[in-house]
Amino acid sequence: MISAFAVWLACGSALADKRVALVIGNSAYKNAPRLANPVNDAGLVGGMFRNAGFDTVEIKLDLNASEMRRSLREFAARTRDADMAVIYYAGHGIELDGSNYLVPTDAMLETDGDVLDETIALDRALYAVEPAKQLRLVILDACRDNPFAKTMKRTLASRAIGGGLAKVEPTSPNTMIAFAAKAGSTASDGDSRNSPFAVALTDHLPKPGLDLRKAFGFVRDDVLKKTGNKQEPYVYGSLGGSDVPLVPARPAAAAGPQANPQDSVRKDYELALQAGLREAWEAFLQTYSEGFYANLARVQLKKIAAEEDRTAATEKARLAEQEKARLATERAQKAELEKAAAAAKAAEEARIAAEKAKQIEQAKAEAAERDRKAAEAAAAKSLAEKRAIEKAATEAAAKQAADKKAADAEGRKIAALSPPPSDPPPGDITKSVQSELRRVGCLASAADGEWNSAAQRSLTLFNKYAGTQFDAKLASVDALDALKAKPGRVCPLVCNFGFKADGDQCAKIACRAGYRVGDDNECEKIQEKKPVATREDSRKRDQDRKGAESTAPKSQASGQMICNGGGCRPVAKGCRIERDSRPGSAGMSQVEVCN
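Residues numbered from 1 in each chain as written. Predicted model: local features only at pLDDT ≥ 70, side-chain atom pairs only at ≥ 80, totals over all residues. Heavy atoms only, no water.

## Digging into the overall build of the protein chain
- Scanning the protein chain from N- to C-terminus turns up 15 helices and 18 strands.
- Counting across all 595 residues of the protein chain, residues that qualify as buried make up 34%.
- Surface exposure of the protein chain reaches about 35,500 Å², of which carbon and sulfur atoms provide 52%. (Helix = DSSP H or I, 4+ residues; strand = E, 2+ residues; numbered from the N terminus. Buried < 20%, exposed > 50% of the residue type's maximum accessible area, 1.4 Å probe, protein only. Areas by Shrake-Rupley, 256 points an atom, 1.4 Å probe, with all protein chains shown as cover.)

This is the structure we're talking about:
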């Protein structure tokens, strides 16, 4: 079984058609004996649809009447834009007067008339899949014995309640109805976790490219073989001449990145886990004998072996207890009773030990499953991150190539339309280099187009801090390109005394009152100096005073007074006093002369 899935699982992601599935499994009936397999079968078949790449797979378990109606109504809405719609139902089904009905878990069916109110007609399921464009498929694993037949009261003696389901002919094209057993017969649940019909479905339906009619033929053969020809699945309806596979055939050569080989191993492991059978795990280990999942499979086998041992020990203890009770009833001899009691005690101890061993193996299996899921989640996260990085790098490279191609095309277009550019004049190069040197902080003076000593020193500074070796004696185009390539300041900012660097500018240092800028260009406190009188200072002061007294006052432009008959007043600014030398004057009077 496992090897059959390995081919199919790799192609699920490549499907283009939209496929939807609804899976219902009813086991916990309230008014009828519980069914063991339907819930397990629903999980197995639902997992098959998911692994087959169906867009949506809804698995519903133990539904009452209202829940079944709501599920079918919601599924009908999803099939409106689907190409393929499938419904799988496992549980009780009954036939009344030639019509088939699916039985919810809360059905009581006290009378035959209750069937119409408490069950879901098969036509309701056919209505739900009808909007699908290419394939409408209903699979019924519901051909079991009617548990209500013995207690159901007949309101009409002529009303027929048959065993199993009645034959049905779909009226819509491209519609198939698959019964687990032929009309009028019943299906077997089998002795294992899943019914023979469900196991056969998962073996054959998902094979890539296999037409459904042939796939159901293989299902029929498998079920007949497993049930000793007692149960024969049957398909009603018809399809066209073209093959209609549940999973399209895998392309001969898959494009794009290859699938991770571990993905198929993981999916086969999950399918074996859903089956939960010793045969499934043994088949898995025959295909994958080494590795992480093989070790996990061995843990699951040990858990199954522990459960088998527990079952055998329980049965042995039960038989020993029965033998003990029989001997006690028949009043056997004391020795026989003691022997039977010892055997019963030993069997009970073996049962208890087997129960403990089973619990230990169960715990180990659960821990292994937790570790597996954590490891797979971490691997999936790592793979997703890696793919995101690769995708971003690919997109960036593609964008860069497209931009370069567009730029080259634009350049060729401009080159074809425009004459070849000539070299800029030397004066323009010099001024451009100076402007760039100012921008990178290596030149403080203005860009005047003169390659003077200041400009040469600034290019030398740029060479020092940028690690270049341009000739400082001239301004070159190469130096201009190197300067334009620098996004910001290259040379450190140097400020004059009394200024400090503030970003890309020099700001004057402002000291608070009582402080001044010191020699280290920092604010320092002003030291007060008191005048000290010395003998030299007093002698010099006396000499200056005597000289001032002996020297005649000099004519000043201001501060002099002139007097006449009207009184005295200050000489105007910019004027002076001279003797009056005009004819007729005595030469003793003074006049004010202004320029």
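Moving on from the model shown.
## Some details on helix α2 (residues 37-51)
- The end-to-end C-alpha distance of α2 is 21 Å, a good match for the 21 Å that 15 residues give at a rise of 1.5 Å each.
- Summarising burial for α2: eleven of the 15 residues are buried, a large majority.
- Turning to α2, its buried residues number three or more, namely Asn37, Pro38, Asp41, Ala42, Leu44, Val45, Gly46, Gly47, Met48, Phe49 and Asn51.
- Just downstream of α2, Gly53 is the residue with a positive phi angle, here 90°. (Expected span 1.5 Å × (residues − 1).)

## Structural notes on the packing of aromatic side chains
- Tallying each qualifying case throughout the model produces nine aromatic pairs.
- Seen in terms of ring centroids, Trp281 and Phe284 are 6.3 Å apart; in terms of plane orientation they differ by 80°. Their pairing is edge-to-face. Of this pair, Trp281 and Phe284 both sit in helix α9 (residues 278-287), three residues apart, roughly one helical turn. Per residue, the accessibility class of Trp281 equals that of Phe284, and both read buried.
- When the centroid spacing of 5.2 Å and the interplanar angle of 80° are considered together, the rings of Phe292 and Tyr293 count as edge-to-face.
- On the basis of relative accessibility, which here comes to 8%, the residue Tyr293 falls in the buried class. (Phe/Tyr/Trp six-rings, centres within 6.5 Å; stacked < 30°, edge-to-face > 60°.)

## Quick look at the state of the cysteines
- Within the structure shown, the criterion is met by three disulfides.
- Through a disulfide, Cys442 is tied to Cys491; the S-S separation comes to 1.8 Å. Judged by the sign of its S-S torsion, about 90°, the cystine formed by Cys442 and Cys491 is right-handed. In this pair, Cys442 is assigned in the loop between α12 (426-439) and α13 (453-466) and Cys491 in the loop between α14 (477-484) and β11 (499-502), connecting sequence segments 49 residues apart. Each member of the pair, Cys442 together with Cys491, is buried.
- Across a sulfur-sulfur distance of 1.8 Å, Cys575 and Cys594 are joined as a disulfide pair. Because the sign of the S-S torsion sets the handedness, a value of about 110° for the bond joining Cys575 and Cys594 places this disulfide among the right-handed ones. On the criterion of sequence distance, the pair formed by Cys575 in strand β17 (residues 575-579) and Cys594 in strand β18 (residues 590-594) is long-range, its members being 19 residues apart.
- Of the residues examined, Cys575 reaches a relative accessible area of 6% and is grouped as buried. (Disulfide = S-S within 2.5 Å.)

## Comments concerning the packing of α9 against helix α10 (residues 292-329)
- The geometry of α9 relative to α10 is characterised by a closest axis approach of 10 Å and an angle of 155° between their N-to-C directions. Classified by the interaxial angle, the pair formed by α9 and α10 is roughly antiparallel. Along this stretch, α9 crosses α10, giving a crossing that reads as left-handed. Contacts from Arg278, Trp281, Glu282, Phe284 and Leu285 in α9 reach Tyr293, Ala294, Ala297, Arg298, Gln300, Leu301, Ile304, Ala305 and Glu308 in α10.
- Its residues assigned to classes, the contact of α9 with α10 comprises nine nonpolar, one polar and four charged. (Axes fitted to C-alpha atoms, helices over the stretch in contact; angles between N-to-C directions. Parallel < 35°, antiparallel > 145°, perpendicular 65-115°, else oblique. Left-handed = near helix turned anticlockwise from the far one by under 90°. Contact = heavy atoms within 4.5 Å. Nonpolar A, V, L, I, M, F, W, Y, C, P; charged D, E, K, R; others polar.)

## Here we look at the pattern of salt bridges
- Tallied over the full model, the rule gives 21 salt bridges.
- A salt bridge links Glu282 to Arg278, with the shortest nitrogen-to-oxygen separation between them at 3.6 Å. Linking Glu282 with Arg278, this pair stays in helix α9, spanning four residues, or about one helical turn.
- Residue class for Arg278 comes out partly exposed when judged on its relative accessible area of 26%.
- One salt-bridge network, in which partners are shared between bridges, spans Arg266, Glu270, Glu369, Arg372 and Glu376. (Salt bridge = Lys/Arg side-chain N within 4 Å of Asp/Glu carboxyl O.)

## Overview of the packing of helix α3 (residues 65-78) against helix α5 (residues 122-129)
- Orientation of α3 relative to α5, taken along the N-to-C sense of each, is 25°, at an axis distance of 8 Å. The orientation of α3 with respect to α5, classified from their angle, is roughly parallel. In the packing of α3 onto α5, the handedness of the crossing is left-handed. Here α3 contributes Arg69, Leu72, Arg73, Phe75 and Ala76 to the contact with α5, which in turn contributes Arg124, Ala125, Ala128 and Val129.
- Taken together, the residues of the contact of α3 with α5 sort by class into six nonpolar, no polar and three charged.

These figures come from the coordinates and say nothing about function on their own.
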